[in-house]
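# Topology and contacts: notes
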Amino acid sequence: MSERYVRRLVAERRIPFHKLGRSVRIKAVDLAAHVESGRVEPLTASGVWRDQRVA
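Let us look at the structure shown here. (Residues numbered from 1 in each chain as written. Predicted model: local features only at pLDDT ≥ 70, side-chain atom pairs only at ≥ 80, totals over all residues. Heavy atoms only, no water.)

## Some thoughts on the environment of Glu41
- Of note, Glu41 is situated in the loop between helix H2 (28-37) and helix H3 (45-54).
- At 2.7 Å, the side chain of Glu41 and the side chain of Arg39 are in polar contact. (Helix = DSSP H or I, 4+ residues; strand = E, 2+ residues; numbered from the N terminus. Polar contact = N/O pair within 3.5 Å; in protein donor to acceptor, adjacent residues only side chain to side chain.)

This is the structure we're talking about:
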């Protein structure tokens, strides 16, 4: 995750943070939760074929 991306998350208030003067602090658990929320599970071969039969 780049510094620029983290700054954008803070600016858009998409991640919890604490502001101490001019510094911004983010808890490791909050950052981990944000990363985990974007997790995508891999497809299995049977799942791919099942999805194609439905369409």
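From this point on, the discussion continues.
## Topic: the side chain of His34
- Along the chain, the position of His34 falls in helix H2.
- Excluding its chain neighbours within four sequence positions, the residues that come into contact with His34 are Tyr5, Leu9, Arg14 and Ile15. (Contact = heavy atoms within 4.5 Å.)

## So, the environment of Ser37
- If you trace the backbone, Ser37 turns up in helix H2.
- Of note is the side chain of Ser37, whose polar atom sits 2.7 Å from the backbone oxygen of His34.

## Quick word on the pattern of salt bridges
- Under the definition given, this model contains five salt bridges.
- Close ionic contact of Arg39 with Glu36 constitutes a salt bridge, the shortest N to O distance being 3.9 Å.
- Judged by its relative accessible area of 51%, Arg39 falls in the exposed class.
- Taken together, the shared-partner salt bridges connect Arg8, Glu12 and Arg14 into one network. (Salt bridge = Lys/Arg side-chain N within 4 Å of Asp/Glu carboxyl O. Buried < 20%, exposed > 50% of the residue type's maximum accessible area, 1.4 Å probe, protein only.)

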